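# Chains, contacts and geometry: an overview
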Amino acid sequence: MKRIFVSMFRFTPLPPAVFFFTSPWGRRLRLHLLTCLLLLTGSHIPAQSPVSDSSAPTVLADTGTGAVRSRVWLVTGINVVGYGSTLALLNNAWYKNEARTSFHTFDDSREWLQMDKWGHAWTTFNAARASTALWEWTGLSHRKSVWLGSATSLLYMTGIEYLDAHSAKWGWSWSDMAANATGVGIYAAQALLWNEQRIQLKFSFHSNRYSSQQLEERADDLFGRSWYERMLKDYNAQTYWLSFNLHSFLPESKLPAWLNIAVGYGASGMFGGFENKWTDSQNQAIDRGDIHRLRQFYLSPDIDFTRIPTKSKFLKTTFSILNAFKLPAPTFMIDSKGKAKGYLLYF
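Quantities reported herein were computed from a predicted structural model and do not represent experimental measurements.

Cut-offs and rules
- Residues numbered from 1 in each chain as written.
- Predicted model: local features only at pLDDT ≥ 70, side-chain atom pairs only at ≥ 80, totals over all residues.
- Heavy atoms only, no water.
- Pairing = 2+ DSSP bridges.
- Helix = DSSP H or I, 4+ residues; strand = E, 2+ residues; numbered from the N terminus.
- Axes fitted to C-alpha atoms, helices over the stretch in contact; angles between N-to-C directions.
- Salt bridge = Lys/Arg side-chain N within 4 Å of Asp/Glu carboxyl O.
- Buried < 20%, exposed > 50% of the residue type's maximum accessible area, 1.4 Å probe, protein only.

### Description of the sheet that holds strand β8 (residues 340-346)
Sheets are built from strands paired through backbone hydrogen bonds, the pairs being either parallel or antiparallel. Overall, antiparallel pairing links the six strands, which are arranged β1-β2-β3-β6-β7-β8 in an open sheet. Of all strands in the sheet, those bounded by a partner on one side alone are β1 (199-205) and β8. Strand-to-strand twist across the sheet, computed as the mean angle between neighbouring axes with direction ignored, equals 25 degrees. Both β1 and strand β2 (residues 238-245) contribute to a ladder of seven bridges, which runs antiparallel.

See below:
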């Protein structure tokens, strides 16, 4: 039996890689990346925990939760200034030189085998998670913080979609909005129903080397040359995960509280949004329809870093950030053609 199992899969370790955030296709990726990172870091910046009624010097009369007025105004200001300046920066840097149009839509639901939609969901999930922590720091109730954190996350992405809707190069994407709402929904539903995140939405990345000079040149043109550009843009090298905490679903078990099992989604063979056709630098039409665009499904163990006990604020902040990424681990994969493969260590 063991021999049969081993012969079924070729275990191949992937080269070293870097994890990081991703989000919608193109230049906007960089801004989403920085926004989420700042939110995740900022969610643990305050040196004090949320205050109770007895310790609050000034309490918002309509909350009944001991919210400190100064903290509420501070977090509100951070969101308003951050949101406004972000949209202004986007409008000036990325949309200013693009042709403007009236509001219009664009159907990109079939692009990149929906990998970009997972990026949208990942962004809003983790932005809502971090923003909620900031609102809870003000002393607002958990429920109010969840609603405000989720609304903040969704509003930010909706603003970007609105700018797209008035750009001739892009357009309002209903599938993007559905993905945004899905990410927020996964977070908010768990926070309100279970008062915890039993299922985490995570991301991982591995470096890719393509099989010919032609494909490498196409990848350079599409995804960039540097590792960080590839990390942000190369959907062939990204994987998104739903990571389930086993102890949360099996509280009577003796499983470690931090042990997760993760189900992942990825894709390969993509050298264009919809199809593998393009025009090269010599203005020659290239058709690589022979390269199959494949969906990939993964199963792997994982860790919920936030469930590792520690009293260190630094480690709590570190663990909160790390929890947006999938831990490299042994992994089983099966693609849409039915081909199965195992990895001793998958990034």
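That covers the picture; the talk isn't over yet.
### Things to note about the pattern of salt bridges
Under the definition given, this model contains 13 salt bridges. For Glu-196, the salt bridge goes to Arg-198, with nearest N and O atoms at 2.9 Å. Residue Glu-196 is classed as partly exposed on the basis of its relative accessible area, which comes to 25%. A salt bridge links Arg-307 to Asp-304; its shortest N-O distance comes to 3.0 Å. Since its relative accessible area comes to 22%, Arg-307 is described here as partly exposed. Salt bridges linked by common partners bring Asp-108, Asp-116, Lys-117 and Asp-176 together as one network.

Treat this as a map of the structure, not an account of what it does.
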